[in-house]
Each structure stands twice: as structure tokens, then as C-alpha cells.
Amino acid sequence: MGMEEDELLAFREHWKQELEKNTDKEGYFGHLSKDSSSVHQSTSFWEKQSNASQQTQPASKEQPEYVSIAEGLLDGRSSPLLDRIEQERTRRKRAPGGDALNTHAPPKKENKRQKLLEQFLQDLNEVNDIPFFDVELPYELALKIFHFLGRTDLGRCAQVSKSWKVLAEDEVLWRRLCLDEGFHNGASISDSPCWKSTLRDCRNTENGVKSNWKNRVGSIRHLQYELGKVLCDVSSCAGLVIAGYTSGDVRLWDTLHWDKSYLHPTHSIRDETPAPYVSHVRVNKTVATAAYENGCVDVWSTETGLEPIHRYQHLRRVHALDLSPDSPALASASGPEVRVDAPDEKGYWKSRCLVQLPKPVDGVLVVPGRRDFPLVTAWAGESVYLLDSRWKEEQEPKVLHFVYDHPVTCVDVSSCRAVLGIKSCGWGMNDGGNKIQVYSLETSQCELTVGNSAGDFTCVNLRDSPPHLLVCGNKDRRVRVFDLRTGSSVVSLYAHHMGVTTVQADDWKVVSGGGEGLVSVWEMRIGAKLWEMHNRHPVRHIRFNSSTLVTANIPDEKSPRGACITDDDLTAHRRYRGLICHYDFSMDSSTQDHILPICRSNYIESSGYSYNIGLAVPYDILSGP
């Protein structure tokens, strides 16, 4: 540091000597007059200094490096800076109200002995004050340009100048980034005083929840059950969980506020005995529905009350039931019959279409999306049909897929695609085994064929998967993820010992359930298992969002022989009843007042108690006496 200071002092002394040589000549800017501008005077000075340096160059060969740099600037290599200075000063001179460059103003008396180094740095500062955007550019247009930048680029732009900082921290830009990343959907600009801070807090919360997922830190809750009831079916959506039991009861939980309610089925109003089993249940944000063994279908509103708002009857047992995730459109199948119901413009429910297929229906799915006329996919044997609710009796059902002696084992649909698991039999085994085919709903043509497995595909998930990704489970105990853009396999996981029964994935993890009752959570990027939980019965339902996970272990035997589950024997009842688990990973264990759920447990509850599933000792956070 001392050597650099000595060189700086020597540099300043050199400039003082140059100034003393030119005491009889013009100053740095000279005197302002009406006939000449300050820009021309400054330029003439640089030319004179350049000529002087050329004359004295042979006598000073052993000059320090900083002197040679300064001489290079004086030789004309600073011309780009001079051009920008001249343009800026000329513009300011033409601008109205430019008092600083007014030629009629009285001339300022310059100090002839002012340090040339300080004046040079001042000129450089004037160059830096020139914004990238001209002052004549409208603010809205500059804001539109900044709309194409991400949060990292906006942070860098905010460090350029004060004007860029104001522009880069505009609330419109950060609100757009917050909405693009999935936070506060539908929020207006006035809902947050600082959208930049809101985005930072949301990202920190998201990273904390992701860490809790990986480290198995959170709480688990077993949804309440009663003696004498065996679980038949479970569905969940948007914080709502619905379950149907062998006693004919249907129960709905709101996991956001932990409100539970019994939905009143039709047979309870009629006092039918014995009550029919619940065969299928479905729920979305506004509507819940249940189908029974006797062919009855009930529909409830999750907002208005517990009494059914719509009901209808099939002549046989309902084999399949589905509800649109984002609209009140319902499809049910009984034997070869498919029925579609939806409310009209005034809100009154009615039957939209009733279709008779050639074979008994194996399953139905309502295509997601809000449409004036619901679109339904149904499969039976080797055929997959695409049914429009405007279907007429004289029309033939539209066939989406058919291959003789190649039955369809599983189906899932999104708003524009349908994914089919095809079982190869006979001659088809020579073509690589069982496959998955992806169809376009617009063209009804096969877009892609993936998979090559000897086992049957038991489940596929396209509706809840990330864009361009498909996750599926197979009887060969593996979970596979495919990229629909290239048709290649992203990851293959050896997951379960008795085949995969249900699966779901997002952008970084996969959650799968098996026939042995095991729920496994996987890291997709590295293909490693993070953790697992086990219960007695097969996993038939998995649904998760960013912070919660709902799983259901549903027994295959609804009436086990030799077991009286109506008695007060909790062990026997737990063995046969089935189980619904709700996991919450949104807990912030880093706060000072955080208390783990095990410390809030009520051990007198017959259903068990909430406990933390993290590998941590709950009493480590307790302060000493």
C-alpha cells in the first residue's frame, strides 16, 4: 500500500509540473465566450497535451506505468469518452432550461492550478451519469423492457444507478415474478406493500418446506375413524378429504381448518336397512359425490350444506365414478352404461348424455378444463372411447384407441392428452412387451409410444405431473418417469415388493404407493429414496401439494371372516379398518416458540396421537431449569 501511495503522489506532482508549464496558456476549460463552447475548448486542450507528450516522450523512457496510461489517453485513445461527453453536453445545451450550458450566462472563473487528476475524474463521473435509457424514453417503455428480466437480472440492474434502481424495483415487475412462480395467484398490485419482499418470503418458505420434505420433518395425523366401519374409498382435492365406509357413511374433512362433517346420503333419509356399501367417492373444490353398491349416486355441495343437491339411480352397481377437478361435471358407469351429469346455466343439475357401450365399462375420467359440454374418456376391454355430452342416440361413440387382444390396464387424461397403459398379449409380446401410448384429444392420433416392460402398467399420472413429464407404476415393482418431448426415460426406481398401485410426481420428487402398504418418497434427480412409511393394507390413494400429503391404505376385504370389528377391540379393528394419513411439512421448527406435536399429544384418544416423523429428539429444544 505504501508503494502505491508514493506512485500516486508522484503522479500528481507530474501533473502539477505540466500545469506550471502551461500557466501562460489557456486553462483547462478556458474562458467561456459567445463564439466558442466549452466542449471545443476542452478538446483543444487534449490536443495540445497530446502534442506536448509526443515532444517529451524520448526524454522519459523510464516512466511509471500510470504515466504511460495517462499519455495514451492524451494521445487520442480516449476519443469514445470525448464523443460521449460532447454528445451529452450538446444535448443538455439544446435542452430547455439548461442553465448550466447557457452561453449568455456570465463566465465562471476557473482555478488554473486545479488538479488535473481531479478534473479528469470529474469528467469520468459525468460520463457515468449518462443513463443507458435516454431521458426522452418514456418510463412505461423502459418498464416494458425490464419485463423480460428475471429476479437475478433485476437485482444486478438495480446496482447500476439510482434511476435504474427505481426502475428495477417497480412493484409491477416483482408482482409479475411472484405470480409467474406460482405465489399469490390472482392477487392485485395493491395486495402487498412490497412485492419484492413478498417474493423473498415466499421463496424462503418454499425452501424450508422442501427441506422438511427431504428430512422427514413434520406432523402426521390419522383422520378419525369409528368402530364397525371399514374404509372403502378415499379422494382428496384442495384441502378437502372425503371417505366412504362399509356402513354407508360418507365423511368430509376440511384439513385447512380441521372441520369434519357427515354428509347425509339418500339411504339414511329413506331409513334403508342394511345400508349399502360406498363403492366410490370423489371431491373437488365445490362438489362432493359418492356412489353406492345399490347403484345410487349422491352429489353434495361443499359450500352450502350437508343434504344432497342432486341424486340419480343406476340399475346396477356403479363400477366407475369421476368428477372434474375444476368444474361440476360428473361421470359414472354401471355395466356398459355411461352417464354424464352437470348443472345448466341456472345451476340446476341434469343428465347431459346416456351412452351404451358394447362392453362393460372398466373406468371413466372427465377431461379437465371448463367447457360448455363436458368431455369424458371411458375404457372397456381393448377400447377407449371419447364421449361428448352432446352425443345423440343415433350416433356411434367415438373410438380413441382399439387393438384386438391388447386390453387397456390404466388411463389418465389431461386437458389435451390421454395416456393409456396397453397390455401386450400373444404376438404383441414379440414387439417389446407392454407399452404406454400418448394420444392427442384434438386429433385422436397417437403422438408417442414409451415403455418396454414385461409387467403390466397398473397406474399412470399425467394430470398432476409437471409439464412434459409422465410418471407410471408397474407390476414389475418399478416406478418410471418419461419425458414426453423426447420419449426417453428420465428415471427408473425399484420401489415396491408387490407392485406399484398409485403414484404422483412434481418437479423434484416422486411419491409412490405399493400393494404391500408402503409409501415411498423419492428424489427424482438422484434417484434415491428419501424416506418411507408402512401400513397394513395396500395404498390406493396418494395426493400431495407443496406442503401436505394425503395417503389412504384401503383393505381389499370389506367383510373379513372370523373378525368382529364391532367389538371394542382396538387391535382387531385396526387390523381391518384401513387408514387415512395426513402429513403436514409446513412446520417451522427454527422458531423459538415452536413445540413439536408430540409435546401436544393427547394420549387418552383411542385413535392415537399426533407425532413428529422427523429423526429428532423432541426435548432438545426445552431450556434447562
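What counts as what
Residues numbered from 1 in each chain as written. Predicted model: local features only at pLDDT ≥ 70, side-chain atom pairs only at ≥ 80, totals over all residues. Heavy atoms only, no water. Pairing = 2+ DSSP bridges. Helix = DSSP H or I, 4+ residues; strand = E, 2+ residues; numbered from the N terminus. Axes fitted to C-alpha atoms, helices over the stretch in contact; angles between N-to-C directions. pLDDT = per-residue confidence, 0-100. Contact = heavy atoms within 4.5 Å. Buried < 20%, exposed > 50% of the residue type's maximum accessible area, 1.4 Å probe, protein only. Arc of directions from axis to C-beta. Polar contact = N/O pair within 3.5 Å; in protein donor to acceptor, adjacent residues only side chain to side chain. Phe/Tyr/Trp six-rings, centres within 6.5 Å; stacked < 30°, edge-to-face > 60°. Core = buried A, V, L, I, M, F, W, Y, C linked by side-chain atoms within 4.5 Å. Salt bridge = Lys/Arg side-chain N within 4 Å of Asp/Glu carboxyl O. Parallel < 35°, antiparallel > 145°, perpendicular 65-115°, else oblique. Left-handed = near helix turned anticlockwise from the far one by under 90°. Nonpolar A, V, L, I, M, F, W, Y, C, P; charged D, E, K, R; others polar.

What follows is about the sheet that holds strand S19 (residues 417-422). Pairing within the open sheet is antiparallel, and its 4 strands lie in the order S18-S19-S20-S21. The sheet is open, and its two edges are formed by strand S18 (408-413) and strand S21 (446-453), each paired on a single side. Within the sheet, the average angular offset between the axes of one strand and its neighbour, ignoring direction, is 15°. Note that S18 and S19 share 5 bridges and pair antiparallel. When the sheet's bridge partners are listed, Val411 is paired in S19 with Leu420.

Once that is clear, we can look at the confidence of the model for the protein chain. Per-residue pLDDT for the protein chain has a mean of 77; in total, 69% of the residues score no lower than 70. Considering only residues more than four positions removed or in separate chains, one finds that residues 97-105, a stretch of pLDDT under 50, has 7 contacts. Long-range and interchain partners of residues 126-134, a stretch whose pLDDT sits below 50, account for 13 contacts in this model, where long-range means more than four residues apart.

Attention now moves to helix H9 (residues 171-180). All of the buried residues in H9 are Leu173, Trp174, Leu177 and Cys178. Buried residues of H9 fall within an arc of 135° about the axis and therefore sit on the same side. Buried residues belonging to H9 abut helix H6 (139-146), helix H7 (151-157), helix H8 (162-168) and helix H10 (195-215). With a side-chain oxygen positioned 2.9 Å from the backbone nitrogen of Val172, the residue opening H9 is Asp170. One or two positions beyond H9, positive phi appears at Gly182, with a value near 90°.

Attention now goes to the packing of aromatic side chains. Two numbers describe a pair of aromatic rings. These are the distance of the centres and the angle of the planes. One pass over the structure, following the stated rule, counts 6 aromatic pairs. Geometrically, the ring pair formed by Trp531 and Phe585 is tilted, given 5.9 Å between the ring centres and 45° between the ring planes. Placement of Trp531 in strand S29 (residues 528-534) and of Phe585 in the loop between strand S32 (579-584) and strand S33 (611-612) is noted, with a sequence separation of 54 residues between them. With respect to burial, Trp531 and Phe585 carry one shared label: buried. Where Tyr583 meets Phe585, the ring centres are 6.4 Å apart and the plane angle is 5°; that geometry is what we call stacked. Given a relative accessible area of 1%, Tyr583 falls into the buried group. Overall, the relative accessible area of 0% leaves Phe585 in the buried class.

What follows covers the nonpolar core. Counting residues in hydrophobic clusters, the biggest one holds 18 residues, and the most contacted among them are Phe146, Leu154, Ala168, Trp174 and Leu199. Elements that contribute at least two residues to this core include exactly H6, H7, H8, H9 and H10. Looking at this core element by element, the count peaks at 4 residues for H9. The contact partners of Leu154, leaving out residues within four places of it in the chain, are Phe146, Leu149, Ala168, Leu173, Trp174 and Leu177.

Along strand S4 (residues 250-254), 5 of the 5 residues are buried, which leaves the element largely enclosed by surrounding structure. What you see with S4 is no split at all: Val250, Leu252 and Asp254 on one side and Arg251 and Trp253 on the other are buried throughout. Both strand S3 (residues 240-245) and S4 contribute to a ladder of 5 bridges, which runs antiparallel. Its bridge partner lying in S4, Ile242 is registered against Leu252.

Here we take up the sheet that holds strand S16 (residues 383-388). Within a sheet, adjacent strands bond to each other through the backbone by hydrogen bonds, running parallel or antiparallel. If you walk across this open sheet you meet the 4 strands as S14-S15-S16-S17, and the pairing is antiparallel. Strands at the two margins of the open sheet, each flanked by one partner only, are strand S14 (363-366) and strand S17 (398-402). The mean inter-strand angle of the sheet, taken between neighbouring strand axes irrespective of direction, is 20°.

Once the charged atoms of two side chains with opposite charge are near each other, the side chains can pair. Within the structure shown, the criterion is met by 22 salt bridges. A salt bridge links Lys509 to Asp506; its shortest N-O distance comes to 2.6 Å. Taking the shortest distance from any N to any O, the salt bridge between Asp556 and Arg540 comes out at 2.9 Å. With Asp556 in the loop between strand S31 (548-553) and helix H12 (570-576) and Arg540 in strand S30 (residues 539-544), this residue pair connects regions lying 16 residues apart in the sequence.

Another aspect to go through is the packing of H9 against H10. As a packed pair, H9 and H10 sit with axes 8 Å apart at the nearest point and diverge in direction by 25°. What the angle tells us is that H9 and H10 run roughly parallel. For the element pair H9 and H10, the recorded crossing hand is left-handed. Residues Glu171, Trp174, Arg175, Leu177 and Cys178 of H9 form the contact with H10, whose own contacting residues are Trp195, Lys196, Thr198 and Leu199. In terms of residue class, the contact of H9 with H10 is made up of 5 nonpolar, 1 polar and 3 charged.

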